[in-house]
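Descriptive structure summary
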Amino acid sequence: MMNIIRVNKLSAAALLFIAMLLFMGLTASWLSPYDPFFTNLEQKLLPPSFSHPFGTDYLGRDLLSRVIHGIGDSVFPVFVVLSIVMLIGLFVGTLSAFWGNKLDMLLMSVTDIFTALPSVLLTIVVVGFLGFGMENVYFAVILSWWAKYVRLIRGLIHDVKKEPYIMASRVSGSFGMRTMIRHMIPNIAPQIGTILILDVSKVILTLSGLSFLGIGAQPPSPEWGVMLLDGKNYLQVAPWMGFFPGLMIFLTACSFQIVGERLRKGK
Amino acid sequence: MLQVQRLCKEINGRPILSDINFVIEDGGSLAIVGESGSGKSTLAQLIMALKQPTSGQVLFNERSLPRKGIKSYKEWYSDIQIVFQNTASTLNPAMSLYRCLEEPLINFTNLKRRERRDKILEYLNKVGLHRDLLKHRPGKLSGGQYQRACLAKALIISPKLLICDEIVASLDIVLQQQMIELLMSIQKERGLSLLFITHDLSLVPGLCADILVMKDGKKVEQFNTSALHNEEERDIYTITLLKSTESLETTWKQYATHDNKSTG
Amino acid sequence: MDVVEIKNLSIRSAEGQLLVHDSSFSLESGKTHCLLGESGSGKTLTSKAILGMLPADLHMSGDILFRGQNLNLLSKKSWRQIRGKHIGTIFQHPEQALHPSIPIGRQFSDLMCSHLPISRYEAEKQAEKMLSRVLLKDTAQVMKSYSHELSGGMNQRVMIAMALLPKPEVVIADEPTSALDVTTQAEIISLLRHLIWDLKMSMLFITHDLLLSSYLADTIGVMRSGEIIEQGSTERILGRPEHEYTKQLCRYRSQRILSKGGNSPNAPSSTAL
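Rules used in this analysis
Residues numbered from 1 in each chain as written. Chains lettered and ligands numbered in written order. Predicted model: local features only at pLDDT ≥ 70, side-chain atom pairs only at ≥ 80, totals over all residues. Heavy atoms only, no water. Contact = heavy atoms within 4.5 Å. Buried area = accessible area lost by both parts, 1.4 Å probe. Polar contact = N/O pair within 3.5 Å; in protein donor to acceptor, adjacent residues only side chain to side chain. Helix = DSSP H or I, 4+ residues; strand = E, 2+ residues; numbered from the N terminus. Nonpolar A, V, L, I, M, F, W, Y, C, P; charged D, E, K, R; others polar. pLDDT = per-residue confidence, 0-100. Patch = residues over 30% accessible without salt bridge, like charges linked within 9 Å, V, L, I, M, F, W, Y side chains within 5 Å. Areas by Shrake-Rupley, 256 points an atom, 1.4 Å probe, with all protein chains shown as cover. Salt bridge = Lys/Arg side-chain N within 4 Å of Asp/Glu carboxyl O. Core = buried A, V, L, I, M, F, W, Y, C linked by side-chain atoms within 4.5 Å. Buried < 20%, exposed > 50% of the residue type's maximum accessible area, 1.4 Å probe, protein only. Domains from an automatic or database assignment. Pairing = 2+ DSSP bridges. Axes fitted to C-alpha atoms, helices over the stretch in contact; angles between N-to-C directions.

On to the interface of chain B and chain C, then. On the side of chain C, 39 residues touch chain B, which itself brings 43 residues to the contact. Between chain B and chain C, roughly 3,900 Å² of surface is buried when both sides are summed, and carbon and sulfur atoms account for 60% of that area. Across the chain B-chain C interface, the total number found is eleven residue pairs in polar contact (both at pLDDT 80 or more). Sorting the residues of the side of chain B that touches chain C by element identifies helix 6 (173-190), helix 7 (236-247), helix 8 (250-255) and helix 9 (257-263) of chain B as the ones contributing at least two each. The greatest single-element share of the side of chain B that touches chain C, amounting to nine residues, is contributed by helix 6 of chain B. Looking at the side of chain B that touches chain C residue by residue, the classes come out as 17 nonpolar, 17 polar and nine charged.

As structure tokens, this is what we get:
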């Protein structure tokens, strides 16, 4: 991580932004100046000012507080979703690459089906079946993403399996799971990590996109996609309502992308 | 005692090894000499149970090759260890050298953390590596250091037989000789049995008592190293191998005689 | 007369690290000079500098004279012309240097026609003659084959034929046999010696093997970490090495002499660890 900072100012800025974002997300309840759900119709649609740096929305809620609280609803779930996807990928990918030809064929056919389906379409269909709501969206996103990670990790393990040090580790007494944990995973972890970080921005965009379509998080949640949807209706009267959530989505996605690219090219 | 009996290996119907027989007594040493494509590396992998033979058997102290079960494999590997050619990266690049060397100790012994540490330092010292290297990844080691580390890793669990598969092939002459001398001193000290696989006949004298020459997966002949120059008895292929090296030595012998006198 | 003369050649990496330091040597007409050194000693870089094939991120200083003409001052294009016509090269991995999807014969005629005003038929006839000089049997068949159909030794013979065909004055051979088997190596090396002798060419031979240089070279330069630490006639270097490193090389190599009457190989030496 220290190398990245030295290499490039842009990626240093991106890293700083991510760190600040995470910090603010964790301390949202102390940091935000107002209650994000407190409505005050007397102060509705105020432009940015000292007391309300990001302005207020059509119910008079403080936008800055909502954006800060939104981190918890927009960014943190991405990590949960990706961790689950990665764990599934690691488990199924290992199973597929390590044991059994028939199982491998079966699993690959299943992942083929999932990768062939357009992920947005799949998500909308799943949410359509299960009903609106954030939990269902997470489930749908996991469903449309897991296959990619299974294939990725299976491929990486297949490559690393041919390495001479895996053969040598057998002679030193490592078998099965032990070889997997001690010798294979540490050698493929950097690649997986890089792709995970690159995918953070994609999942952020997917999740807030779905909320913007109205099938993800529901009002009054301060999720950024929902706020953007609210802002859309007041674009001419109060452009700041859409501007700030949109900016946050943009900056966050960019930052993760920049850091990910750096990691991929670096080393 | 290692016994290799009628060992054959076919890959896709093509014979790689056919009818290989030899015996290495306890404390004995055998060099397997052959050019590329002679099947000598496949032979090493068969003895290490990294590949399954098509037919024939390998016995070590009356026990046959492990086929199933981690326990039987571990028993086999606690007796027989191998050092591979150093162009192949056989140390895990994601581990420090310390953890690489600790690996066999964790898997084969019940030593405590402290005892493991002492053992690693002892063997590091034996192969002539500095302890500062322990915290580095294997990628930081030079070619010679890498092979010494591999040797330490193989010897650290005190095997009875050591297989060396082209362990000096890509090293410079000075490092080659140092490695060979190291191997000789360890072999003498331990009474270790040695199976030394190489393409270079000139490495063998002094190191191994017997030579087995291989060509195209077949055994050409096996003889005592002292009988290498006995041209009436040797196979035509062995003589070709010998002459290939000797033909380049003519000028050397003409000039370098001074060298022997001056440097002793 | 010196065909090639290197004066104070230094090569630096982009980070400023000195890879070759102030080396000077010369190659006499009709003689063979050998650059001897372990991997990373800068011997290959030196040969690439002479060919003008250094990677672009390296900085070179010093003079490279070819028949008195400073190659360093030439444009890339004229340097390439000299390289094609007057300097032949033999690489370590012929299968990488030969084109994989053009038949050998075609590669020969392409090469010839680009340098000489001759017809393709004429070129192929000459090429076939050259191939028989490098002791390839069934030359007509070889001309039709692709490089991946030939063995390592055969490829290296083709490479040698290709390098020697335009009758260059200088041949640069960079570890031409280190990827080959022992028996093939001996054949190729003795072939190379005879051809160079017959055609009265000069050769810069680059190797890590003292034995090969003793067999081929008239003069030897020993390189270590980018510096030529000792040079002189083969007889002097082998017989009376002065530098400690050269002495060590000679000592270790003589322990490995196989032929009867040589040193007893692998006798424990006083320098053991």
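Next up on the list: the confidence of the model for chain B. Averaged over every residue, the pLDDT of chain B is 90; residues scoring 70 or more account for 97%. Under a pLDDT of 50 for its full length, residues 258-264 of chain B has, in the predicted model, eleven contacts with residues more than four places off or in other chains.

Here we come to a nonpolar patch on the surface. All names here are of chain A. A contiguous nonpolar patch, built from Leu-121, Val-125, Phe-129, Leu-130 and Phe-139 and spanning about 560 Å² of accessible area, is present on the exposed surface. A per-element tally of the nonpolar patch places helix 7 (residues 119-130) first, with four residues. With respect to the helices and strands, the residue Phe-139 is situated in helix 8 (residues 134-161).

This paragraph deals with the nonpolar core. Grouped together as the largest cluster of nonpolar side chains are 58 residues, with contacts concentrated most on Phe-108, Leu-131, Val-158 and Phe-205 of chain C. Top element by residues in this core is helix 7 (residues 152-164) of chain C. It accounts for seven residues. Two domains share this core, each providing at least three of its residues, namely domain 1 (30-60 + 74-86 + 168-273) and domain 2 (94-167) of chain C. Not counting chain neighbours up to four residues away, the residues in contact with Phe-205 of chain C comprise Thr-32, His-33, Cys-34, Leu-35, Ala-173, Pro-176, Ile-189, Leu-192, Leu-212 and Leu-216 of chain C. By size, the runner-up hydrophobic cluster in this structure holds 54 residues, among which are Val-33, Leu-133, Ile-156 and Met-179 of chain B.

Facing the 25 residues of chain B at the interface are 16 residues of chain A. With both sides pooled, the region where chain B packs onto chain A buries about 1,800 Å², and carbon together with sulfur makes up 61% of that total. Looking at the side of chain B facing chain A, the largest losses of area belong to Leu-50, Asn-92 and Glu-103 of chain B, adding up to 24% of the total buried there. One can count one salt bridge joining chain B with chain A. Between the two partners, chain B and chain A, sit 13 residue pairs in polar contact (both at pLDDT 80 or more).

Moving on, we get to the sheet that holds strand 1 (residues 2-11) of chain B. Residues and elements named next belong to chain B. On the basis of which strands lie adjacent, the open sheet formed by four strands has the order 2-1-4-5 and antiparallel pairing. Since the sheet does not close on itself, it has two edges, and those belong to strand 2 (14-24) and strand 5 (63-64), each with one partner. By the bridge criterion, seven bridges tie strand 1 to strand 2 in an arrangement that is antiparallel. Within the sheet, the bridge partner assigned to Ile-11 lies in strand 2 and is Arg-14. This element, helix 1 (residues 40-47), spans strand 1, strand 2 and strand 4 (55-60) of the sheet and lies at about 65° to strand 2.

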